[in-house]
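# Observations on the three-dimensional arrangement
Each chain, letter by letter, is given below.
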Amino acid sequence: MTEVSGDQKKQYVLVPGGAGFIGSHCVIELVTAGYTPIAVDNECNSSRECLKRVEQITGCKIISYKIDCLDLESLRDIFKKYPIYAIINCAALKSVGESVQKPILYYKNNIGCLLNLLTCMEEFNVKNFLFSSSATVYGTPKYLPLDEKHPCIGDAITNPYGKSKYICEHILKDTMVAHPEWNIILLRYFNPVGAHKTGLIGENPIGKPNNLMPYIAQVVVGRLPYVNIFGTDYNTPDGTGVRDYIHVVDVAMGHIAAMKQFEINCGLKIYNLGTGKGYSVREMIKALEKASGKTIPYKECSRRSGDLATVYADPTLAAQELGWTAQRNLDEMCEDLWRWQSNNPNGFQ
């Protein structure tokens, strides 16, 4: 395994949340693109084993630290040690349902982590920041598909997770006013799913999954008894919620495409990362049945607080300005997810 040094590669890129689902895939693509990632993670919803497998996939030793971004002094130590070129902030709690039950935790973690990172950027003259945001900042859609011009109104956002991202976006916009020489890119994810093609890494929630696809996958391998379908009376073709699902590798590639904007001093930019197509809960169950060759039991339940009927992206701007579009279809998302889950029925344990 080779050690990646700064003079062999491009710039150091700090990846808070680098051992998580999206962060780990970003680390792989950063290495492939010639950057030197520094993964930091408090491992509250991730595993150090993930980064060991990232090293196996890339053939490179990954610089990593077990650090909570709420610990400002530990963050400062990293900024002192490395000349950081950019930050890709994937550090956040992300469950819509859990955020409704634990709003204080979500605001403290998601906003506090951002403030500490920005503090370090000011102190150490780091000027490039890429923020993992969310389509939840759009709130209840006024029209579909959702483009970047859709209004984001705080009171229209239906859960504390989305509101925490909304507040973070406004902090970043205000920061740009104070630091016009900085570059800040907000990437609004829709619903990342799938796994790395090797099956070595994938989504590995600690405890019961809060997102649909890892939950379905755990039902298929027998860790959970059935899928709960929350709401069957939405105004959608089959009555279940519709979302824009995007392969996690496409999301990671979107980050690499966005980082090229730093080279031209892009200022503040906002991009959707989605496919532009929505699939219902029932369609996702059927797609994973196809990938796994198994019948998936489910139970119909009442609607869940904070959920919306239909959400899907208009990804045109990312295609025009970044040259990026999602390349992997629903079949590939489910095939890769199933390869990960079937090879690792207990995740990284």
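Refer to the structure above for everything that follows.
Below: a short report on this structure. (Residues numbered from 1 in each chain as written. Predicted model: local features only at pLDDT ≥ 70, side-chain atom pairs only at ≥ 80, totals over all residues. Heavy atoms only, no water.)

### Quick look at the overall build of the chain
Here is the rule we go by: Each helix is a run of DSSP H or I of at least 4 residues and each strand a run of E of at least 2, with the numbering of both proceeding from the N terminus. Using C-alpha atoms as the atom set, the radius of gyration is obtained and then compared with a globule rule of 2.2 Å times the number of residues to the power 0.38. Throughout, a residue-residue contact means that at least one pair of heavy atoms, one from each residue, lies within 4.5 Å. The Shrake-Rupley method, run with a 1.4 Å probe sphere, supplies the accessible areas, and residue values consider only the shown protein chains as cover.
A count of helical and extended segments in the chain gives eleven helices and 16 strands. Over its C-alpha trace the chain gives a radius of gyration of 19 Å, about what one expects of a compact globule, namely 20 Å for 349 residues. Its C-alpha atoms give the chain principal-axis dimensions of about 50 × 45 × 40 Å. Taking the intrachain contacts of the chain between residues at least 6 apart in sequence as the baseline, contacts between residues at least 24 apart amount to 80%. Accessible surface, the chain as shown: approximately 14,500 Å² in total, 49% of it carbon and sulfur.

### Digging into the packing of aromatic side chains
Quick note on the threshold: Stacked, edge-to-face and tilted labels apply to pairs of Phe, Tyr and Trp rings (six-membered ring for Trp) whose centres lie within 6.5 Å, assigned for plane angles under 30 degrees, over 60, and everything in between, in that order. Categorising residues by exposure relies on relative accessible area from a 1.4 Å probe, with only protein chains included: less than 20% of the type maximum marks a residue as buried, more than 50% marks it as exposed, and the intermediate range marks it as partly exposed.
One pass over the structure, following the stated rule, counts six aromatic pairs. An angle of 20° between the planes, with centres 6.5 Å apart, marks the rings of phenylalanine 129 and phenylalanine 131 as stacked. As far as burial versus exposure is concerned, phenylalanine 129 and phenylalanine 131 are alike and both buried. Taking 5.0 Å as the distance between ring centres and 55° as the angle between the ring planes, the aromatic pair formed by tryptophan 340 and phenylalanine 348 counts as tilted. Given the relative accessible area of 10%, phenylalanine 348 is considered buried. Three or more aromatic residues link up through ring pairs in this structure, and these residues are Tyr12, Tyr65 and Tyr82.

### As for the environment of lysine 142
Structurally, the position occupied by lysine 142 is in the loop between strand S7 (128-134) and helix H6 (160-178). Look at lysine 142 and you get exposed, because its relative accessible area is 59%. For the pair lysine 142 and threonine 310, spaced 168 residues apart in sequence, the C-alpha to C-alpha distance is 11 Å. With sequence-adjacent residues up to four places away left out, lysine 142 is seen in contact with His150, Pro151 and Ile153.

### What about unusual backbone geometry?
Cis geometry marks the peptide bond from leucine 144 to proline 145; its omega dihedral reads -5°. Phi angles above zero are rare outside glycine, and asparagine 125 is one such case at about 60°. By the secondary structure assignment, asparagine 125 is in the loop between helix H5 (103-124) and S7. Of note in the backbone geometry, asparagine 265 takes a positive phi value of approximately 50° without being a glycine. With respect to the helices and strands, asparagine 265 occurs in the loop between helix H8 (248-259) and strand S13 (268-273). Taking relative accessible area as the criterion, asparagine 265 reaches 59% and is therefore assigned exposed.

### Brief notes about the nonpolar core
Quick note on the threshold: Definition used in this section: a nonpolar core is a set of buried Ala, Val, Leu, Ile, Met, Phe, Trp, Tyr and Cys residues joined via side-chain atoms within 4.5 Å.
Met213, Ile216, Met259 and Leu288 are the most contacted members of the largest nonpolar core, which totals 69 residues. In terms of residue count, the dominant contributor to this core is H8 (eight residues). Counting 32 residues, the second-largest nonpolar core is a separate cluster that includes Leu75, Phe79, Tyr82 and Ala91.

### Details of the sheet that holds strand S6 (residues 84-89)
Note the following rule: Two strands pair under a simple rule: DSSP has to find at least two bridges between them. Axes, fitted as lines to C-alpha atoms, cover a helix only where it is in contact. Angles between the N-to-C directions of the axes lie from 0 to 180 degrees.
Ordered in space as S5-S3-S2-S6-S7-S8-S13, the seven strands form an open sheet in which the pairing is parallel. Edge strands, defined here as strands with exactly one partner in the open sheet, are strand S5 (63-66) and S13. Neighbour to neighbour, the strand axes of the sheet diverge by 15° on average, direction disregarded. As paired strands, strand S2 (residues 12-16) and S6 are joined by three bridges and run parallel to one another. Among the inter-strand pairings, tyrosine 12 is bridged to a residue of S6, identified as isoleucine 84. The strands touched by H6 are S7, strand S8 (183-189) and S13; relative to S7, the strand with the most contacts, the crossing angle is about 155°.

### Quick notes on the sheet that holds strand S16 (residues 310-311)
With mixed pairing, the three strands of this open sheet are ordered in space as S14-S11-S16. Of all strands in the sheet, those bounded by a partner on one side alone are strand S14 (279-280) and S16. Bridge count between strand S11 (residues 242-243) and S14: two bridges; the pairing is antiparallel. Bridge pairing in S14 places valine 242 opposite serine 280.

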